[in-house]
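# Observations on chain architecture
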Amino acid sequence: MTASKTMTELRRQADDGGANSGHDSNIFPHMGRRGFLAGALASAMTARALGGDSGRGTGPTRYPDPDIIALDKRFEKYKIGNTPIQRLYTGLLWAEGPAWNGVGRYLLWSDIPNDIQMRRLEEDGHVSVFRNPSGNSNGNTFDFEGRQLSCEHGNRRVVRYEQNGTVSVLADKWQGKPLNAPNDIVVHPDGGIWFTDPGYGSLMNYEGHKGELHLKEAVYRIDGKTGKMEIATDDMFKPNGLCFSPDYKKLYIVDTGATHYEKAPRNIRVYDVIDGTKIAKGREFVSMALNGKAGLADGIRADVDGNIWAASGWVGAGYDGVQIFEPGGDRIGQILLPEICANLCFGGAKRNRLYMAASQSIYAVYVETQGAHIT
């Protein structure tokens, strides 16, 4: 049974006596309807946690994986011919904020509507609820001391989970007004914490608590030593995913304002980082238009060569997944997924496994490069 089987499908098959289940009913001659349902649900839960199927069929993937695509010969060296895109887990509502913990050897991510954080252990693929509730958390990362940082939609704040288990609120207001709904977050070696505040979690109850946005959408920096917060830029419609270049001299920020503003671009912008604390000279890095259709990027990460790996979606087959841009802005590759990809991170012992949070599922694929940063 594949991970793509839904609980509804399983129940329907049980009600039909297994007639449409893809199994010969004589296989389970000793099982009645209740026995079949119990076994099917148990199998589904196992597949849900450990499934290797990428969602493109029930059989194995023929190498090289056809959904890892080189649009430019510069991407060829990052492809591995004998590795597949794998679906590691499914059954979520809107997966976001994947972050890799190198010490614990686990992947952490948010399921925003379900108000939980999930964790997958590398050693055996075990998946469990990590935090419940999570404040409808979205973006997550780890700082240089190994502490988890989270952007909470529901509580309109940025928090840090301390080594002793307590929670510190790092930001919840700007100039006396509540933040909109912090979204994504990255750290700088100087201890600075940078986050975006587009407000999506406050626009509807599904991902937080519906309420007024009191501030212009912006990007903020929290000083790691003093805790003082400053606005980095508010020149975008809805700043979303962000990441530094490998040398921390550039900051890339996704603008997803087209979801709510007619004139907003569908692009990724890049800024020069000044003294590690400010950004300047903002300009378009890439447009998300491809073959006459423009979707949206979301979460982004850089590899050690300075390529930008962008979670992408809202167009459909042939677009949704991950798009890879070389440092000059040329689109050189794609990783196609059967779901909209919201965010991603590099992880694994060698930081050469790309984890992708895509709608209802978590996917992974090995690549011949490494993440530029700790998560």
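Whatever comes next refers back to the structure up there.
Residues numbered from 1 in each chain as written. Predicted model: local features only at pLDDT ≥ 70, side-chain atom pairs only at ≥ 80, totals over all residues. Heavy atoms only, no water.

## Considering the overall build of the protein chain
The helix and strand tally for the protein chain stands at 2 helices and 29 strands. Relative to all contacts within the protein chain whose residues are 6 or more apart in sequence, the contacts with residues 24 or more apart total 49%. Accessible surface for the protein chain amounts to roughly 16,200 Å². Of this, 48% is attributable to carbon and sulfur atoms. (Helix = DSSP H or I, 4+ residues; strand = E, 2+ residues; numbered from the N terminus. Contact = heavy atoms within 4.5 Å. Areas by Shrake-Rupley, 256 points an atom, 1.4 Å probe, with all protein chains shown as cover.)

## Observations concerning the nonpolar core
If you look at the biggest cluster of nonpolar residues, it comprises 20 residues, and the most contacted ones within it are Trp309, Val322, Ile335, Leu354, Met356 and Val365. Counting residues per element, the ones that place at least two in this core are strand S24 (308-313), strand S25 (321-325), strand S26 (331-336), strand S27 (343-347), strand S28 (353-358) and strand S29 (361-366). If sequence neighbours within four positions are ignored, leucine 354 has contacts with Trp309, Val322, Ile335, Leu344, Cys345, Phe346, Tyr363, Ala364 and Val365. Counting 17 residues, the second-largest nonpolar core is a separate cluster that includes Val286, Met288, Ile308 and Tyr319. (Core = buried A, V, L, I, M, F, W, Y, C linked by side-chain atoms within 4.5 Å. Buried < 20%, exposed > 50% of the residue type's maximum accessible area, 1.4 Å probe, protein only.)

## Looking at a nonpolar patch on the surface
There is a patch of nonpolar side chains on the surface, built from Leu93, Met204 and Tyr206 and spanning about 270 Å² of accessible area. Mapped onto the elements of the fold, tyrosine 206 is located in the loop between strand S14 (193-197) and strand S15 (218-222). What makes tyrosine 206 partly exposed here is its relative accessible area of 42%. (Patch = residues over 30% accessible without salt bridge, like charges linked within 9 Å, V, L, I, M, F, W, Y side chains within 5 Å. Salt bridge = Lys/Arg side-chain N within 4 Å of Asp/Glu carboxyl O.)

## Let's talk about the pairing of strand S9 (residues 157-161)
Burial analysis of S9 places 4 of its 5 residues in the buried class, the great majority of the element. Alignment of strand S8 (residues 148-152) against S9, held across 5 bridges, turns out to be antiparallel. Each residue of the ladder has a partner; that of cysteine 151, found in S9, is valine 158. The turn joining S8 and S9, which pair antiparallel and follow one another in sequence, is formed by 4 residues; a positive phi near 55° is taken by arginine 156. In the sheet, S9 pairs with strand S10 (residues 167-171) via 4 bridges, with the strands oriented antiparallel. What sits directly across from arginine 160, in S10, is serine 168. The hairpin formed by S9 and S10 contains 5 residues between the paired strands, and glycine 165 there has a positive phi angle of roughly 95°. (Pairing = 2+ DSSP bridges.)

## Re the pairing of strand S16 (residues 229-233)
Two strands pair when backbone bridges link them, and S15 and S16 are joined in this way by 4 bridges, in the antiparallel orientation. Among the inter-strand pairings, isoleucine 222 is bridged to a residue of S16, identified as methionine 229. Taking the residues between adjacent antiparallel strands as the criterion, S15 and S16 are bridged by 6 residues, where glycine 227 takes a positive phi near 80°.

## Examining the packing of aromatic side chains
Evaluation of the coordinates by the stated rule reveals 15 aromatic pairs. Both rings, one in tryptophan 94 and one in tryptophan 314, keep their centres 6.0 Å apart while their planes meet at 35°; by these two values the pair is tilted. Of this pair, tryptophan 94 sits in the loop between strand S2 (86-90) and strand S3 (95-101) while tryptophan 314 sits in the loop between S24 and S25, and the two are 220 residues apart along the sequence. Relative accessible area serves as the criterion here: at 14%, tryptophan 94 is assigned to the buried category. (Phe/Tyr/Trp six-rings, centres within 6.5 Å; stacked < 30°, edge-to-face > 60°.)

## A word on the sheet that holds S16
Taken in spatial order, the 4 strands of this open sheet run S13-S14-S15-S16, and their pairing is antiparallel. Whereas interior strands pair on both sides, the edge strands pair on one side only; in this sheet they are strand S13 (185-187) and S16. Each strand axis lies, on average, 25° off the axis of its neighbour in the sheet, ignoring direction. (Axes fitted to C-alpha atoms, helices over the stretch in contact; angles between N-to-C directions.)

## Brief notes about the side chain of aspartate 143
In this structure, aspartate 143 sits in the loop between strand S7 (137-142) and S8. Classification of aspartate 143 as buried rests on a relative accessible area of 9%. There is a polar contact of 2.8 Å between the side chain of aspartate 143 and the backbone nitrogen of arginine 147. Excluding its chain neighbours within four sequence positions, the residues that come into contact with aspartate 143 are Leu149, Arg160, Val187 and Ile374. (Polar contact = N/O pair within 3.5 Å; in protein donor to acceptor, adjacent residues only side chain to side chain.)

## Quick look at the sheet that holds S7
Within the open sheet, the 4 strands sit side by side as S7-S8-S9-S10. Their pairing is antiparallel. Of all strands in the sheet, those with a lone pairing partner are S7 and S10, marking the two edges. Averaged over all neighbouring strand pairs, the angle between strand axes comes to 25°, with direction disregarded.

## Describing the pattern of salt bridges
Scanning the model with the defined rule gives 18 salt bridges in all. Close ionic contact of arginine 157 with glutamate 152 constitutes a salt bridge, the shortest N to O distance being 2.6 Å. Taking the relative accessible area as the measure of exposure, arginine 157 reaches 23% and is therefore partly exposed. A salt bridge links glutamate 217 to lysine 216; the shortest N-O distance between them is 3.9 Å. We classify glutamate 217 as buried; its relative accessible area is 5%. Bridged by salt links that share partners, the residues Asp143, Glu145, Arg147, Arg160 and Glu162 form one connected network.

## Details of the side chain of arginine 353
Relative to the helices and strands, arginine 353 resides in strand S28. The side chain of arginine 353 is buried and forms no salt bridge, while glutamate 122, the nearest opposite charge, is found at 5.7 Å. Within the structure, arginine 353 has its side chain in polar contact with the side chain of glutamine 86 (distance 2.9 Å). Sequence-distant contacts of arginine 353, defined by excluding residues within four places in its chain, comprise Gln86, Leu88, Arg120, Cys345, Phe346, Gly347, Ala364, Val365 and Tyr366. (Lys, Arg positive; Asp, Glu negative; His and termini not counted.)

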